[in-house]
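Architecture and fold: a report
Read off the chains here:
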Amino acid sequence: MNRKKVIMRNSIIGTVTQVFQMLMSFIIRKIFIRYIGIEYLGINAVLTEILEMLSLTEFGVQNAIIFRLCKPLLANDIDVVSEIIFLLRKLYYIIGSVILVTGFCLFPFLKYIITNVEVSMSAVYIAYFILLLSSVLTYYMGYWRTLLYADQGQYILSTIDAVVNFVASILRIGVIVYFKSFYLYIFIVLCKNTISNLIVTRYTQKKYLGLKSDIVISKELKRNILKDVKNIFAGKAAGYVYSSTDNLVISTIIGTVDVGYIGNYKSITTAANTVMTNIFLSMQPMVGNYVASESNEKAYDFFEKYSFIRFFIACMLLIPLINTIEQFIVWWIGSEYVLNRSIPMLIIIDIYISIVHGSTGEFILAKGLFSYERTMGIIGAIVNIFTSIIGTFILGLEGVLLGTVISQIIMWAGRSIIVHKYCFAYNNKYFFRYWIKEIQFFIIFMVECVFTNKLFFLFNGMGGISVIINKIILSFILCFIIHFIVWRKTKEYIYFKEWSFSLIKSVMRKFGI
């Protein structure tokens, strides 16, 4: 099967399974809040984020292994593949053990992180232990996933995870409704991860029967992989600190329950962001091709077009979201979980910036400028930590989100400088042209937000899923009309139209339409 078909298959199956799992997560979250409560939901979110922080030890290992596996897999070099996989097994055993020991060391500090809750700390400790065990077992058993992923078998992983997740979701719903037990709920999560990894392990071992378990791992391979891990780790770690510490700041300074409240909004925006990621998946190989094989002029022309496409789709997705998110919260879990209007607006602006400036990061990585990207990630993480903590004391929840937005803007500015100076070697004229366009884009985005919000004032007080769907459709149509009027004669819009038709035709061919 050719590369384009493999990419399309992985993208389609990945998108379908992700959408299905997102729908199940919305159902489970609603039932969880009703039967167990928002307090336990906040505790679960904070404990999960602590374990994600412990998993920083892994950042860089999987990426480095995938990079090293691609060539021997294509050449069907079983000896090298065996060598890499069993080195990964050793590394993952070490990582799992480090997480286990570090996790136990954090037990005394949980009382300073989980704050303003009525749940006893002994209950928190039990929940934390179960989640810690689940995380550790993932590393002890999950290294086979990397081999399948490197061999472009993402669709297999997506299918296995979707089936196991569906069964686990039904069990979790039953446990929540009939037993109202938080412990049983997270125990099912542990079982789900373990069973999913066992199935993947069995499948992969059968598929790659020739792998050798007694092979000697060369010192050169160890040295090269550790070098790759070192290059990737700092950027990945900084990316985690930047994107995943808000819950810890909120829980420690404001209260753990507030994590549950804001998590309801973020679960919706995360779903939207996931859809966006899958839309752009088909364009990522094109970025690498332009950087590697085209002139600076053609590559920059594509950069401008790609930046416009990201802006266009961001508006089409986020404008309907900002106009319906509060009504969806009311319909989904109840009006008592609606937060100040400024909170979803700050979350949406954060996602908007992340999407529209994503083209700069992709070009930086495609050019191989890892050290610059690592530096920007570290700067963004440091700024985010400080601004979020300071903002929390001044503005509360809004301060945390505002700190994240400020760090996004700083990273955007830094990446845009790197792209123009080191990717294209262009002068300030192109840099200022880029920012003039981006300011125009943001003005149009905010005008659409205000215009559609004022227009939909007529719907205030009206509820129900039919009203939400109508607002989504109308927002989408209005955004498209505004964009068509403003941009229809530009080269970027013409290219976007051609790319859209090409993508639609590819999907239709995939399904034999």
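Refer to the structure presented above.
Residues numbered from 1 in each chain as written. Predicted model: local features only at pLDDT ≥ 70, side-chain atom pairs only at ≥ 80, totals over all residues. Heavy atoms only, no water.

**A closer look at the overall build of the protein chain**
Within the protein chain one finds 21 helices and zero strands. In the protein chain, which comprises 513 residues, the share counted as buried stands at 51%. Counting contacts in the protein chain only where the partners sit at least 6 residues apart, residues at least 24 apart contribute 84% of the total. (Helix = DSSP H or I, 4+ residues; strand = E, 2+ residues; numbered from the N terminus. Buried < 20%, exposed > 50% of the residue type's maximum accessible area, 1.4 Å probe, protein only. Contact = heavy atoms within 4.5 Å.)

**Structural notes on the packing of helix α17 (residues 370-395) against helix α18 (residues 397-423)**
It is the contact of α17 with α18, at a shortest axis distance of 7 Å, that shows an interaxial angle of 160°. With respect to each other, α17 and α18 are oriented roughly antiparallel. α18 is crossed by α17, and the crossing has right-handed handedness. Taken together, the residues of the contact of α17 with α18 sort by class into 13 nonpolar, 12 polar and three charged. (Axes fitted to C-alpha atoms, helices over the stretch in contact; angles between N-to-C directions. Parallel < 35°, antiparallel > 145°, perpendicular 65-115°, else oblique. Left-handed = near helix turned anticlockwise from the far one by under 90°. Nonpolar A, V, L, I, M, F, W, Y, C, P; charged D, E, K, R; others polar.)

**Focus on the packing of helix α4 (residues 78-105) against helix α6 (residues 121-141)**
Between α4 and α6, whose axes approach to 8 Å, the crossing angle comes to 165°. With respect to α6, the element α4 is oriented roughly antiparallel. Of the two possible hands of crossing, α4 and α6 adopt the one that is right-handed. Residues Tyr 92, Tyr 93, Ile 95, Gly 96, Ser 97, Ile 99, Leu 100, Gly 103 and Phe 104 of α4 form the contact with α6, whose participating residues are Tyr 128, Phe 129, Leu 132, Ser 135, Val 136, Tyr 139 and Tyr 140. Its residues assigned to classes, the contact of α4 with α6 shows 12 nonpolar, four polar and no charged.

**Let's talk about helix α20 (residues 465-487)**
The end-to-end C-alpha distance of α20 is 33 Å, a good match for the 33 Å that 23 residues give at a rise of 1.5 Å each. Turning to α20, its buried residues are Val 467, Ile 468, Lys 471, Ser 475, Cys 479, His 483 and Trp 487. (Expected span 1.5 Å × (residues − 1).)

**Brief notes about the packing of aromatic side chains**
Tallied over the entire structure, the rule returns 48 aromatic pairs. Taken together, a centroid distance of 6.2 Å and an interplanar angle of 80° make the contact between Phe 312 and Phe 480 edge-to-face. You can see Phe 312 sitting in helix α14 (residues 296-332) and its partner Phe 480 sitting in helix α20, a full 168 residues away along the chain. Given a relative accessible area of 2%, Phe 312 falls into the buried group. Note on Phe 328 and Trp 332: the rings are 5.7 Å apart at their centroids and 35° apart in plane angle, and the pair reads as tilted. Of the two residues, Phe 328 and Trp 332 both sit in helix α14, four residues apart, roughly one turn of that helix. With respect to burial, Phe 328 and Trp 332 carry one shared label: buried. Lying over the aromatic face of Phe 484, Arg 488 brings its terminal NZ or CZ to 6.0 Å of the ring centre. (Phe/Tyr/Trp six-rings, centres within 6.5 Å; stacked < 30°, edge-to-face > 60°. Lys NZ or Arg CZ within 6 Å of the ring centre and 35° of its normal.)

Honestly, that's just the spatial picture; any functional story needs more than this.
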